[in-house]
Amino acid sequence: MARRTKIYEGKAKILYEGPEPGTIVQYFKDDATAFNAEKKDVIEGKGVLNNRLSEYFMLGLAQIGVPTHFIKRLNMREQLVRQCEIIPLEIIVRNYAAGSMSKRLGIEEGTQLPRPIVEYCYKDDSLGDPLVSDEHIAAFGWASQQDMEDILSLSLRVNDFLSGVMLAVGIKLVDFKIEIGRVYEGDFQRLVIADEISPDSCRLWDIETGQKLDKDVFRRDLGSLTDAYTEVARRLGVMPKTSTPITKPTLIN
Ligand code: UDP
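The shown structure was predicted, so the numbers you read here are calculated from the model rather than taken from an experiment. (Residues numbered from 1 in each chain as written. Predicted model: local features only at pLDDT ≥ 70, side-chain atom pairs only at ≥ 80, totals over all residues. Heavy atoms only, no water.)

What about the side chain of Thr-23?
Along the chain, Thr-23 falls in strand S3 (residues 23-28). A distance of 2.6 Å separates the side chain of Thr-23 from the backbone oxygen of Glu-20, its partner in a polar contact. Look past the residues within four positions of Thr-23 in its chain and what remains in contact with it is Glu-17, Gly-18, Ile-71, Leu-80, Val-81 and Gln-83. (Helix = DSSP H or I, 4+ residues; strand = E, 2+ residues; numbered from the N terminus. Polar contact = N/O pair within 3.5 Å; in protein donor to acceptor, adjacent residues only side chain to side chain. Contact = heavy atoms within 4.5 Å.)

If you want it as structure tokens, here you go:
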């Protein structure tokens, strides 16, 4: 079979042209990077887990009426998504202080915030994805006022959904990052949740023990990343309960 045309290769995913116009195939790699790719490794099975987990979250969001780019999972490592124009912002929602917010504001990691706080970073690896304000976004035309209203409300809906799903399996959603894209339907544009939602882009802590079940395990050398992601997948029922933590992926199809 002819190999698909590669559109883009990022740190954790490759995008290929999809079978129909307006579609893209997202391939989840096993590569893990942190600190703007200064730290790198290949974590066997990570791509399979993230493909599964992202499918699970995107389908759940669609069920509560939050539009996403997800169409269907194709196989262990690939999913078909709608092509969209990515807004050049990383949207971060925080429920508890951690990571860069703790450093920036001197708030101890794990402190509950008075309410969810939404932050925007300009998507540019060469600049280290700097934090920007609504003013920058408006002045540089990265998103309109209407987009910003929609982005805020979508982000908070995703936060409520993910927080609830995680709470139900004994996991605290500390923070997460999403990306949002525009899709055009005739003369109209609509915003959809794009990219991926996985433990690569969330902070997930066990409610009882505080154990980290996300990419901080890799960033901070806290043990096996595959075991952590497998635990999240197992609790959510995304993997059969009998599965042991994987090195060689044994996920159901
Ligand atoms: N995040 C991400 N990609 C990025 C930056 C952050 O997915 O390029 C996620 C990160 O995993 C965490 C949240 O966004 O869940 C907030 O990250 P933070 O700003 O604290 O940055 P970090 O401490 O990870 O550098």
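Remarks on the pairing of strand S1 (residues 6-9)
Relative to strand S2 (residues 13-17), S1 runs antiparallel, the two sharing 3 bridges. Across the sheet, Lys-6 pairs through a bridge with Tyr-16, a residue of S2. The turn linking S1 back onto S2 is made up of 3 residues. (Pairing = 2+ DSSP bridges.)

A short note on the site of the ligand
Around the ligand, a shell composed of 15 residues is seen, among which Arg-94, Ser-100, Asp-175, Arg-203 and Arg-219 lie nearest. One nitrogen or oxygen atom from the side chain of Arg-94 is found 2.7 Å from an oxygen atom belonging to the ligand. Separating an oxygen atom of the ligand from a side-chain N or O atom of Arg-219 is a distance of 2.9 Å. Considered class by class, the residues forming the shell around the ligand number 4 nonpolar, 3 polar and 8 charged. (Near = heavy atom within 4 Å. Nonpolar A, V, L, I, M, F, W, Y, C, P; charged D, E, K, R; others polar.)

Quick look at the pairing of strand S5 (residues 39-42)
Relative to S5, strand S4 (residues 31-34) runs antiparallel, the two being bridged by 4 bridges. Across the sheet, Ala-34 pairs through a bridge with Lys-39, a residue of S5. Hairpin connection of S4 to S5: 4 residues between the antiparallel strands, including Phe-35 at a positive phi of 50°.

Examining the packing of helix H1 (residues 46-63) against helix H6 (residues 225-236)
Viewed as axis vectors pointing N to C, H1 and H6 meet at an angle of 30°, and their least axial separation amounts to 10 Å. Here H1 is positioned roughly parallel relative to H6, judged by the angle of their axes. Along this stretch, H1 crosses H6, giving a crossing that reads as left-handed. Residues Lys-46, Leu-49, Asn-50, Leu-53, Tyr-56 and Phe-57 of H1 form the contact with H6, whose own contacting residues are Leu-225, Thr-226, Tyr-229, Thr-230, Val-232, Ala-233 and Leu-236. A breakdown of the residues in the contact of H1 with H6 according to their chemical character gives 9 nonpolar, 3 polar and 1 charged. (Axes fitted to C-alpha atoms, helices over the stretch in contact; angles between N-to-C directions. Parallel < 35°, antiparallel > 145°, perpendicular 65-115°, else oblique. Left-handed = near helix turned anticlockwise from the far one by under 90°.)

Considerations on the packing of aromatic side chains
Across all of its chains, the model carries 3 aromatic pairs by this definition. For the ring pair Tyr-122 and Trp-142, a centre distance of 4.1 Å and an interplane angle of 15° mean the geometry is stacked. On the criterion of sequence distance, the pair formed by Tyr-122 in strand S10 (residues 112-122) and Trp-142 in the loop between helix H3 (134-139) and helix H4 (145-167) is long-range, its members being 20 residues apart. The rings of Tyr-122, Phe-140 and Trp-142 are connected pair by pair, giving a single aromatic cluster. The lysine or arginine in question, Arg-4, covers the ring of Tyr-16, its NZ or CZ lying 5.4 Å from the ring centre. A cation sits over an aromatic face here: Lys-39 above Phe-218, 5.0 Å from the ring centre. (Phe/Tyr/Trp six-rings, centres within 6.5 Å; stacked < 30°, edge-to-face > 60°. Lys NZ or Arg CZ within 6 Å of the ring centre and 35° of its normal.)

Observations concerning the packing of H1 against H4
One can describe the packing of H1 onto H4 by two numbers: an axis separation of 11 Å at closest approach and a directional angle of 120°. One way to sum up the angle between H1 and H4 is to call them oblique. Of the two possible hands of crossing, H1 and H4 adopt the one that is right-handed. Where H1 approaches H4, its residues Tyr-56, Phe-57, Gly-60 and Leu-61 are matched on the opposing element by Val-158, Phe-161, Leu-162, Val-165 and Met-166. Split into classes, the residues belonging to the contact of H1 with H4 amount to 8 nonpolar, 1 polar and no charged.

Digging into the sheet that holds S1
The strand order across the open sheet built from 5 strands is S1-S2-S3-S7-S6, with neighbouring strands paired in antiparallel fashion. Only two strands of the sheet have a single partner each, and these edge strands are S1 and strand S6 (70-73). Taken over all neighbouring pairs, the strand axes of this sheet differ in orientation by 25° on average, direction set aside. Contacts between H1 and the sheet are confined to S3, S6 and strand S7 (78-82), with S6 contributing the most and set at about 135° to the helix.

Some words on H4
Taking 1.5 Å of rise per residue, the 23 residues of H4 would be expected to cover 33 Å, and the 33 Å separating its terminal C-alpha atoms lies within 8% of that figure. Along H4, the residues classified as buried are Asp-147, Met-148, Ile-151, Leu-154, Ser-155, Val-158, Asn-159, Phe-161, Leu-162, Val-165 and Met-166. (Expected span 1.5 Å × (residues − 1). Buried < 20%, exposed > 50% of the residue type's maximum accessible area, 1.4 Å probe, protein only.)

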